[in-house]
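# Breakdown of the fold
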Amino acid sequence: MTLQQEIVGNAMQMAVVSLQPGQTVYCEAGKFLFKTTNVTMETRLSGPSNSGGGQQQGGAGGGMGGLLRQAMGTAMQVGQRALAGESLAFQYFTAQSGEGTVGFAGVLPGEMRALELDGTRAWFAEKDAFVAAESTVDFGIAFQGGRTGRSGGEGFVLEKFTGRGTVIIAGAGNFIDLNPADFGGRIEVDTGCVVAFEEGIQYGVQRVGGLNRQGLMNAVFGGEGLSLATLEGNGRVILQSLTIESLANALKKAQGGDKQGPTGGLFSTNAG
């Protein structure tokens, strides 16, 4: 059953989802806006892969062993999300007695995008990009390699979406869709500008220039620090025009506390 949704608004977009009777959509806690009265809301720690049909199977065929495996699976999911700094719970919305409507939004001024998964390719997204998805889409956490994570900041923890159905993500500013294959197979991006990319795209982090005069100038005065994200391969990549760090620095500067530092790059004093 295809998820009927419409993304509305400009500077701060919202997703309005129309649910058929019995259809379920889930969101990360804090992304819900409104619903019609015939839509039930339930908060659970388990993701969609550990709920619904999985519960019935565990209770009917697995007995206590099935329940224990289910509980352990839920605990592992919650532990991963806690380690990643994500919300610990999901909210599930199901239409009862006719069609229902639910509204969702992100947490920053910017765009939203509905991604259609066909079961052949996963999607990866930055932390907090997830807004809502059909119950047929599984939400997981992907940990990048230690070297990439320490260098890239944004790249250490990624959200991973698998299965079939619609998943809605959000970011800051405006979106642009690119394919590295159209640019020689590789693009280099500010680490805070990556929103999401398809499975098959290789994500990494590289140093900005060498340890020479120009490399140090880029790092100190260029505003990018020491690293850039690299995206290679043939697939869809979504970038955002506004980074959380630049938004935070602009707000602090407007309040009289410029945390960017005099150089705006390596010597930035922003703790976030």
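Everything discussed here concerns the structure shown above.
Structure report, in brief. (Residues numbered from 1 in each chain as written. Predicted model: local features only at pLDDT ≥ 70, side-chain atom pairs only at ≥ 80, totals over all residues. Heavy atoms only, no water.)

### Looking at the nonpolar core
- Judged by nonpolar contacts, the single largest core of 21 residues is most densely connected at Y26, F130, F161, V167 and I169.
- Among the secondary structure elements, those contributing two or more residues to this core are β6 (90-95), β8 (112-118), β9 (123-125), β10 (130-134), β11 (137-143), β12 (157-170) and β15 (194-198).
- In terms of residues, this core owes the most to one element, β12, which gives four residues.
- A15, V25, A132 and A170 belong to the second-largest nonpolar core, a separate cluster that totals 16 residues. (Core = buried A, V, L, I, M, F, W, Y, C linked by side-chain atoms within 4.5 Å. Buried < 20%, exposed > 50% of the residue type's maximum accessible area, 1.4 Å probe, protein only. Helix = DSSP H or I, 4+ residues; strand = E, 2+ residues; numbered from the N terminus.)

### Observations regarding the environment of A170
- Residue position: A170 is located in strand β12.
- Note on A170: relative accessible area 11%, which makes it buried.
- Filtering out sequence-adjacent residues up to four positions away, A170 remains in contact with G106, E111, M112, A129, V131, F175 and V195. (Contact = heavy atoms within 4.5 Å.)

### With respect to the packing of aromatic side chains
- Within this structure, the stated rule accounts for 12 aromatic pairs.
- Ring centres of F130 and F139 lie 5.0 Å apart, and the angle between their planes is 50 degrees; this geometry places the pair in the tilted category. Taken individually, F130 and F139 each receive the classification buried, so the pair is uniform in this respect.
- For the ring pair F197 and Y203, a centre distance of 5.7 Å and an interplane angle of 5 degrees mean the geometry is stacked.
- For F197, a relative accessible area of 3% puts it in the buried group. (Phe/Tyr/Trp six-rings, centres within 6.5 Å; stacked < 30°, edge-to-face > 60°.)

### Structural notes on the sheet that holds strand β7 (residues 100-105)
- Taken in spatial order, the four strands make up an open sheet running β1-β2-β7-β4, and their pairing is antiparallel. Two strands bound the open sheet, and with one partner strand each, they are β1 (4-8) and β4 (32-35). Sheet twist, expressed as the average angle between the axes of neighbouring strands with direction ignored, equals 20 degrees.
- Sheet topology places strand β2 (residues 14-19) next to β7; six bridges connect them, and they run antiparallel. If you follow L19 over to β7, its bridge partner there is G100. (Pairing = 2+ DSSP bridges. Axes fitted to C-alpha atoms, helices over the stretch in contact; angles between N-to-C directions.)

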